[in-house]
Amino acid sequence: MDILEESWAYQEIVKKGLEKGLQQGLKKGELQAQRETLLDIVQARFPELVSLTKKQTSITKDPQLLRHLTVKISTVQSANEAEQLLLALSKEQKKH
């Protein structure tokens with residue numbers, strides 16, 4: 001270990017970098033889990049909307065937005081209602 005690696009400043013920079021990387025990784029994992037959950041629900045209830053769901057969720061970077069959509073999709077009565085929610089996702093994405 002050299003002198004630079006032993007300095008408190010270097011240690012702080014490394015610590016912050018690791019924390020930031022961990023947070024990004026967790027967010028990415030949460031996002032993927034939300035996508036998969038939504039896709040599972042759509043597959044079970046409205047299989048004809050699977051490809052639209054994949055397309056719409058692939059552009060979404062907000063796990064909370066996907067979580068809300070998942071709840072809504074799980075409560076709608078028709079494929080038409082689900083499709084409207086999926087199509088509205090791109091508009092919601094622009095707001096966030």
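Conventions and cut-offs
- In this convention, every chain numbers its residues from 1, walking through the sequence in written order.
- Whole-chain, interface and lining totals are the exception, using all residues; otherwise, since this is a predicted model, local features are given only for residues with pLDDT of at least 70 and side-chain atom pairs are given and counted only at 80 or more.
- Side-chain figures throughout are based on the complete set of non-hydrogen atoms in the structure, without hydrogens or water.
- Secondary structure is summarised from DSSP: a helix means a run of H or I of at least four residues, a strand means a run of E of at least two, and numbering begins at the N terminus for each.
- Only C-alpha atoms enter the radius of gyration; for comparison, a globular chain is expected to reach 2.2 Å times N to the power 0.38, where N is the number of residues.
- Partly exposed residues are those whose accessible area sits between 20% and 50% of the maximum for their type, while under 20% is buried and over 50% is exposed, using a 1.4 Å probe and protein chains only.
- By the convention used here, residues are in contact when the closest approach between their heavy atoms is within 4.5 Å.
- Accessible areas in this description were obtained via Shrake-Rupley with a 1.4 Å probe; residue shielding takes into account the shown protein chains only.
- Under the counting rule used here, the positive set is Lys and Arg, the negative set is Asp and Glu, and His together with the chain ends is not counted.
- By convention, the charge on Lys lies at NZ, on Arg at CZ, on Asp at CG and on Glu at CD.
- Between Lys or Arg on one side and Asp or Glu on the other, a salt bridge is scored when a side-chain nitrogen of the former is within 4 Å of a carboxyl oxygen of the latter.
- Helix span, expected: 1.5 Å multiplied by one less than the number of residues in the helix.
- As used here, the arc is the angular range of directions from the helix axis to the C-beta atoms.
- Here a polar contact is taken to be a pair of N or O atoms separated by no more than 3.5 Å, where protein atoms must pair a possible hydrogen donor with a possible acceptor and residues adjacent in sequence count only if both atoms sit in side chains.

Visitor: Where do I start with the overall build of the protein chain in this structure?
Guide: Of the regular secondary structure elements, the protein chain holds five helices and zero strands. Written out in order from the N terminus, the α and β elements of the protein chain read α-α-α-α-α. Taken over C-alpha atoms, the radius of gyration comes to 19 Å for the protein chain, far larger than the 12 Å a tight globule of 96 residues would show. Along the first, second and third principal axes, the C-alpha atoms of the protein chain reach 65 × 25 × 20 Å. Looking at the protein chain as a whole, 25% of its 96 residues are labelled buried. Taking as baseline every contact in the protein chain between residues at least 6 positions apart, the subset at least 24 positions apart corresponds to 70%. By element, 57% of the accessible surface of the protein chain is carried by carbon and sulfur atoms, the whole surface being about 6900 Å². Taking the average location of the 15 positive side-chain charges in the protein chain and that of its 13 negative ones, the two points are 8 Å from each other.

Visitor: How should the pattern of salt bridges be read in this particular structure?
Guide: Side chains that carry opposite charge are capable of pairing whenever their charged atoms lie near each other. Throughout the structure, instances matching the rule amount to one salt bridge. Residue Arg67 pairs with Glu30 through a salt bridge whose shortest N-O separation is 3.0 Å. With Arg67 in helix H4 (residues 63–75) and Glu30 in helix H2 (residues 8–45), this residue pair connects regions lying 37 residues apart in the sequence. Taking relative accessible area as the criterion, Glu30 reaches 35% and is therefore assigned partly exposed.

Visitor: Sorry, what's going on with H4 here?
Guide: The periodicity of an α-helix, 3.6 residues per turn, causes residues three or four positions apart to be oriented the same way. Helix length check: H4, at 13 residues, gives a terminal C-alpha distance of 19 Å against a target of 18 Å (1.5 Å per residue), a fit within 8%. If you check which residues of H4 are buried, you get Pro63, Leu65, Leu66, Leu69, Thr70 and Ile73. Along the axis of H4, the buried residues cluster in a sector spanning 150 degrees; they form a single face. One side-chain oxygen at the N-terminal end of H4 lies 3.0 Å from the backbone nitrogen of Gln64; it belongs to Asp62.

Keep in mind that these numbers describe shape and distance, not what the molecule does.
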